[in-house]
Amino acid sequence: MIRSNHNNKDHNVKLSLSNTALAISAILLAGCQSSPESVQAPTVAAYQCQADNNTAVNDLRIYQVMVESFVDGDNSIGHGTGYGTSHHNGDIQGIIDSLDYIESLGMNGIWLTPIFNSEPIAGQDHWADRLDATGYFATDFFNIDPRFGTLEDAKKLVEEAHARGLYVFFDGVFGHHKKNVVPSPTGKLPHGEDNPVSYPESLAFYQEVAEYWIKELKIDGWRLDQAYQVPKEAWTQIRETVDTASSQVEYVNNKGETVNPLGYMVAEIWAGENRIIETGYGSNEAPALCSAFDFPMRYRLTETFAVNEAGVGGKDGEWLAEGMSLHSLYPDHAKPNLMIGNHDLVRFGDLMQRGDIASPQDKEYWQRYKAAFSFQAAYTGPITTYYGDEIGDQLEGFASKVWTDDCAVDGLCDDHVARTSAKIENITAQLNANEQDLKQYVTDLMELRKNHPALSQGKRTNLIASDVAYVDHKAFEGKAIVYAVNVTNQAQTIALSQEKSASLDDLNDLQSNQALAANNGEYAIALEPFEARFLEVTKPSDKGPIGVVIATGGEVGSGFMAQCDNPTVEGTGPITSQLYVVGNFADSGWKHVAKRGLKYKGDNTYQVVTTEKPGSYRMQYASKSWSPQFTADGLNLKLGQMNPLTKGGYGQDTAITIRNGGKYVWSLQFDDSGKPLQIMASKCAE
C-alpha cells in the first residue's frame, strides 16, 4: 500500500518515491478561517441503512471516470494541466459522447471525479493549477467548473445517462476544501481549517451540498472522498439528508418507470477492515455509512493475479479466501464495493509488468486480467471498474521507469500514473484484438451478473481455497452458482464433490452452456491457466454447501521475542531512534502514537505490547522521521513465527492478518551494529 495515499491524495503527489517522510508538498494551499465558538455535537439517534434499495445497490456495476483525463469533447475548454500523462482536457461533453460505450459494457452507473469550480488563487504555482484540475479542492461546491462545462452540460449528462439506464454519482469532498471557498446559496460556510474542516460546525454546509445536486440534477448519490475526515455521527446525518432529498425527487428511467434517485453513498477509506469500521461503517447499533470501497480485497486480488504497488505477489486461493472471510467483521449493514483499480492506484496491467510477470505482448497478461475481472464479477455487492481497465490499458514503459523527484512533473508517480487519456472505442481510439477480446469478456461478465442475481446478491460459501484454485458457492432465492478460478499459469483439474457443492445433478457452464456431469459423486472442473468458470447448480440440494473452515491457532510464538512480560532495561541498545509500529490500525491510522512505541528489552531486542482487533493490516516499524524504518523480508508476517527483518522504504509495508482479538507483542532484533536480524509478532499467551 502506498503510504502517501493513506492520509493524503493529490495534494501529496510531489512526494518523492524515495522519500519516506510524509512531508506535505508545496501544492497544499495553506490558510484557515476563523472558527465559531465551540459547538457541542448533537446526540444523533440511530438511523438505519435503507433496506428497500439493497438489491439495486448490490447490482451496481459502476464505471469510474477521472474527468480531466478522460475524453476531450469540447476543445474550447479544459484545464490543460494536471497530474498523470493525459491530455488534461477532459470535460463533461466527453463523458456524454462516451455514454453509449459505457452502456455497451453492461455498466449501470457512472462515478465522476469532482466537477465543482476550483478558482485559482492569485499567484498560485503550477502545483495548485494541477490540483485544481482534479477537483478535489473546490472553491464553489454549488457551481460547475467552466473548464469542464456548464450546468446545462451537467444536466444533459445526467438526463442522457438516466435514459440509458445508468445511475450517476458525483464525488463528494466533505472533509476539506480550497482556501477561497465561497458560501452556499443560503449563506453557509464550512468552519475551521481548510484540511480537514471542523465538525459539527461544518455539517450544515455539507448537508446543503449533498442535497443541492440531488434536487438540482437528480444525481443518484455520492462517492465520498477521504471519508475518514468526517465523524461518523456527521455521516449519519448527511446520509439521512441524502435519503430524504432522494425521496423528494423523481425521474423517468430507461424502462419508462418513474423512480427516485438511488441515494447510494460509497466511502473511500484507504485502510484495513477495522479502520473502515471505526471511521466509516460504525456499528449495528449506530450505523454511519452503508458502503465503502473494499481496499483490503483489492490488494489481495492484485497480490494473487499480479503484484501490489510494492511488488508483492505470488499469493493463492487461500489468500483470497482469508480476505473474504474478514468481511464477517463488518456490521450487518455494510456493503463493500470491490474495484480492481482507481485514479490513485497503479493500473493492473502496469502492476503485472512491475512484477515482471507479463506484458501486453504475452497471452498471460490477458489471462490474468480476465481472472481478476471474473473474481469481481462473482463478488456479492456493488463493483466498480476504472476506465481503461476493461481493455487492459497500461502506460508504456512505466514499469521500467527510473524514479526521480520529477515523477509528479512527468505524470509518473504511483498515485496518479493511471490518469491516462481514455481509449474509447470509435471515439478516441481503435482497439487491437487483445483489447477487443478483454472488452467483450468484461461485457459478458456484466451481463452474467445482471442475469444471474446469485452473483451480485448471493450468500457466499467458500468451497476450495488452495495453492491452485479458489472456488465459491453463491446462493440466492433458490438459485446457486459455483464460481471456480485457476490461480496459476498451468492448466488444472479441480475435484469438487456433489455433497460439498450442494448439487444433485449436472452443473451447467453459463458461458459455454455445456453440462458438467459428476462421476461417482465428484465433478472434475477443468481450468486453463487463470481461467474462471461460472457453473449453475441445476438441482440444488436442501442440505446446502459445505464450506472450508479456515484454520486458526499458531498465533502464539515461543522464546524471548514471544514473551509479553519482558521488563524494559536501561540503555537504548543498537538503535538510538525511538521506533513505532506504524500502520493502518484503527487506533492510529499511519500515525506514530505513544502506545505503539517500542521499548528496549535487552539482547538487542525492542518490543511493544498492544491490544489488537481482528483484521488485515499493513505496517512498518519506523521513527517519526521515517528514518530509520524496518519491515519484514518478503513483506508478509505470520503470527508466532520468526521472520527475517530488513530495512524498509517507501511503500514497503508488511502485511499481517489477525484473526483473533487480544494482546499482541511486536518484537524486533538487531545485531550489535544495528543491522536488522529478526522480527516476530505473537499473540500473548493467556
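From a predicted model like this one, the values you see are computed outputs, not experimental measurements.

What follows is about the packing of aromatic side chains. By the definition in use, this model includes 38 aromatic pairs. Between Tyr83 and Trp127 the ring centres are 6.3 Å apart and the planes differ by 15 degrees, which places this aromatic pair in the stacked class. Taken as a pair, Tyr83 in the loop between strand E1 (61-65) and helix H3 (92-97) and Trp127 in helix H5 (residues 126-134) lie far apart in primary sequence, 44 residues in all. Looking at Trp127, the relative accessible area reads 9%, which means it is buried. Centroid distance Phe305 to Phe530: 6.3 Å. Interplanar angle 70 degrees. Geometry classified as edge-to-face. Residue Phe305 is found in helix H10 (residues 295-305), and its partner Phe530 is found in the loop between strand E19 (522-527) and strand E20 (532-537); the two are separated by 225 residues along the sequence. Each member of the pair Phe305 and Phe530 is classed as buried. Chaining the aromatic ring pairs together yields one cluster made of Phe116, Phe141, Phe142, Phe170, Phe174, Tyr199, Phe205, Tyr206, Tyr212, Trp213, Trp222 and Trp235. Here Arg298 stacks its cationic end above the ring of Tyr299, 4.8 Å away from the centre of that ring.

Next up on the list: the UniProt feature "coiled-coil region" (unreviewed entry) in the protein chain. The sites that UniProt annotates as "coiled-coil region" (unreviewed entry) are residues 417-451. Helix makes up 54% of residues 417-451 and strand 0%, and the two end C-alpha atoms of the span are 35 Å apart.

Our next topic: the environment of Ser501. Mapped onto the fold, Ser501 is located in helix H17 (residues 498-501). Relative accessible area serves as the criterion here: at 0%, Ser501 is assigned to the buried category. Along the chain, Ser501 and Val537 lie 36 residues apart, while their C-alpha atoms are 8.2 Å from each other. Not counting chain neighbours up to four residues away, the residues in contact with Ser501 comprise Leu463, His473, Val482, Leu496, Tyr523 and Val537. Polar contacts involving the side chain of Ser501 include one to the main-chain carbonyl oxygen of Ser497, which spans 2.9 Å.

Parameters and conventions
- Throughout, a residue's number is its position along its own chain's written sequence, starting from 1.
- Residue-level local features of this predicted model are given only where pLDDT is at least 70; pairs of side-chain atoms are given and counted only at 80 or more, and the full residue set underlies all totals for whole chains, interfaces and linings.
- The side-chain figures draw on all heavy atoms in the structure; neither hydrogens nor water molecules are used.
- Geometry of aromatic contacts follows a simple scheme: Phe, Tyr and Trp rings, the Trp one being its six-membered ring, pair when their centres are within 6.5 Å, and the pair is stacked under 30 degrees between planes, edge-to-face over 60, tilted otherwise.
- Note on conventions: DSSP H or I runs of at least 4 residues are helices, E runs of at least 2 residues are strands, and numbering of each starts at the N terminus.
- Summary of the burial criterion: residues with accessible area below 20% of their type's maximum are buried, those above 50% are exposed, and those between are partly exposed, where the area comes from a 1.4 Å probe applied to protein chains only.
- Distance and angle both matter: a charge sits over a ring if NZ of Lys or CZ of Arg is within 6 Å of the ring centre and within 35 degrees of the ring normal.
- UniProt positions are given in the numbering used here, feature names are shortened, and annotations may be inferred rather than shown by experiment.
- We call two residues contacting when some pair of their heavy atoms lies within 4.5 Å.
- The definition of a polar contact used here is a pair of N or O atoms within 3.5 Å, where within protein one atom must be able to donate a hydrogen and the other to accept one, and adjacent residues in sequence count solely through side-chain atom pairs.

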